[in-house]
Amino acid sequence: SPVQFTMSGTQPPVSTPAQYPGINDEAAYSEGLLVGYRWYDAKRIEPLFPFGHGLSYSEFVYTNLKISGKIPVSVSVTIANVGHWSASEVAQLYIGFPTSAGEPPQGLRGFKKVVIEADKTAVVMFEDLNYRDFSI
């Protein structure tokens, strides 16, 4: 599974012996729903490498976010490769719930990888988001 580290290395989400490595071969999963990137989001701590982070030889700019429809919902975004090399980018779609819902601040609902030539753009579509995508 993906591993994340804090910028300083002093505030990991799993910080007690009961959580890791566990006591008497039993680990306590006391973080509840706040696993991985969700813990960092909820605590407003910037990780050293965010969820989905990858090194690239290029730079990307996101523009023209559009949301259309009721249910199903479609989301599109234009991604421009503003670097000097052809490169891949993984667009990620998150939704958020009100704090009163008791859910993590954001939930990943989709991702798409695109290859974009230098100085070109691509439109990424997330289609057919339904009631389940917006439910807890």
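To keep things clear, this report deals only with the structure shown in the data block. Quick caveat: nothing in here was measured; it's all calculated off a predicted structure. (Residues numbered from 1 in each chain as written. Predicted model: local features only at pLDDT ≥ 70, side-chain atom pairs only at ≥ 80, totals over all residues. Heavy atoms only, no water.)

With that out of the way, let us pick up the overall build of the protein chain. When you go through the protein chain residue by residue, the secondary structure sums to 1 helix and 5 strands. In the protein chain, the succession of α and β elements from N to C terminus is α-β-β-β-β-β. The C-alpha radius of gyration computed for the protein chain amounts to 18 Å, which surpasses the reference 14 Å derived for 136 residues by more than 25%, pointing to a less compact arrangement than a globule. Dimensions of the protein chain along its principal axes, counting C-alpha atoms only, are 55 × 40 × 25 Å. Per-residue burial over the protein chain gives 26% buried out of 136 residues. Contacts spanning at least 24 positions in sequence make up 60% of the contacts within the protein chain whose residues lie at least 6 apart. (Helix = DSSP H or I, 4+ residues; strand = E, 2+ residues; numbered from the N terminus. Rg over C-alpha atoms; globule rule 2.2 N^0.38 Å. Buried < 20%, exposed > 50% of the residue type's maximum accessible area, 1.4 Å probe, protein only. Contact = heavy atoms within 4.5 Å.)

This brings us to the sheet that holds strand 5 (residues 121-129). Within the open sheet, the 3 strands sit side by side as 1-2-5. Their pairing is antiparallel. At either end of the open sheet lies a strand with only one pairing partner, and these are strand 1 (60-68) and strand 5. Neighbouring strand axes in the sheet, compared pairwise and without regard to direction, differ in orientation by 15 degrees on average. Pairing of strand 2 (residues 73-81) with strand 5 involves 7 bridges; the strand directions are antiparallel. Looking at strand 5, one finds that V73 is bridged to L129. (Pairing = 2+ DSSP bridges. Axes fitted to C-alpha atoms, helices over the stretch in contact; angles between N-to-C directions.)

Let's shift gears to the side chain of Q19. In this fold, Q19 is placed in the segment before helix 1 (37-43). Residue classification places Q19 among the buried residues on the basis of a relative accessible area of 13%. At 3.0 Å, the side chain of Q19 and the side chain of S30 are in polar contact. (Polar contact = N/O pair within 3.5 Å; in protein donor to acceptor, adjacent residues only side chain to side chain.)

Purely spatial values, then, with no claim about function.
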